[in-house]
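The residues making up each chain are set out below.
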Amino acid sequence: MPRFLSSLLVCVLFCVSIPAHAETTATTSIAQLMVLEPGDASYKLFHGAVWLDHDKASWNYRWGGLQCKGRELSDNSIQLLFAAFRSEYQVTIEYVLTDYKGKPYRCVTGFTISKS
């Protein structure tokens, strides 16, 4: 019986520690960037979003708040996204799919900026 319990414990620890698999967008330019402040009514739901040219009508990529819990972007990362937007650089966003109150959201986990 102890061998069974140790095997079960290893299985449970392994299954719990698997992170969500990040997906990657196409490389494209930023169409729009939104940063919310704590006084905004939507701030508790998300802290910001970016829309990409290739899928701006269908999706945005969010961070923070209840919709993207634990998926915050640092101030430096937000500044980098703005610089890419302003300079019309290309970006590729890493994201995970989350679900909040039955609706899917794409939450930013990282990004790459390129000049071409």
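About the thresholds
Residues numbered from 1 in each chain as written. Predicted model: local features only at pLDDT ≥ 70, side-chain atom pairs only at ≥ 80, totals over all residues. Heavy atoms only, no water. Phe/Tyr/Trp six-rings, centres within 6.5 Å; stacked < 30°, edge-to-face > 60°. Lys NZ or Arg CZ within 6 Å of the ring centre and 35° of its normal. Pairing = 2+ DSSP bridges. Helix = DSSP H or I, 4+ residues; strand = E, 2+ residues; numbered from the N terminus. Salt bridge = Lys/Arg side-chain N within 4 Å of Asp/Glu carboxyl O. Buried < 20%, exposed > 50% of the residue type's maximum accessible area, 1.4 Å probe, protein only. Core = buried A, V, L, I, M, F, W, Y, C linked by side-chain atoms within 4.5 Å. Disulfide = S-S within 2.5 Å.

Applying the stated rule across the entire model yields two aromatic pairs. For the cation-ring pair, R62 lies above F46, with the distance from its terminal atom to the ring centre recorded as 4.0 Å. The cationic tip of R106 hangs over the ring face of W59; the distance from NZ or CZ to the ring centre is 3.9 Å.

Glancing now at the pairing of strand β6 (residues 103-114). Pairing of strand β4 (residues 61-63) with β6, which is carried by two bridges, proceeds in the parallel orientation. Its bridge partner being in β6, R62 is matched across the sheet by C107. Relative to β6, strand β5 (residues 90-100) runs antiparallel, the two sharing 11 bridges. Looking across to β6, one finds that Y95 is bridged to V108. Between β5 and β6, which pair antiparallel and follow one another directly, the connecting turn spans two residues, one of which, K101, has a positive phi of 55°.

We now examine the pattern of salt bridges. This model, assessed by the stated rule, comprises two salt bridges. Note that K56 and D53 form a salt bridge whose closest N and O atoms lie 3.9 Å from each other. Overall, the relative accessible area of 47% leaves K56 in the partly exposed class. On the accessibility criterion, D53 (36% relative accessible area) is partly exposed. A salt bridge links D55 to R106, with the shortest nitrogen-to-oxygen separation between them at 3.8 Å. Linking D55 in the loop between β3 (48-52) and β4 with R106 in strand β6, this pair joins segments that are 51 residues apart in sequence.

Here we take up the nonpolar core. In this structure, I30, L52, Y61 and I93 are the most contacted members of the largest nonpolar core, which totals 13 residues. Taken together, the elements giving at least two residues each to this core come down to β3, β4, α2 (75-87) and β5. Formed by five residues, the second largest nonpolar core is a distinct cluster that contains C68, V96, Y105 and C107.

In total, this model carries one disulfide according to the counting rule given. Put simply, C68 and C107 are joined by a disulfide, and their sulfur atoms are 2.0 Å apart. Since a negative S-S torsion denotes a left-handed disulfide, the C68-C107 link at about -75° is left-handed. Of the two residues, C68 is situated in the loop between β4 and α2 and C107 in strand β6; the sequence distance between them amounts to 39 residues. For the pair C68 and C107, a shared accessibility class is recorded, and that class is buried.

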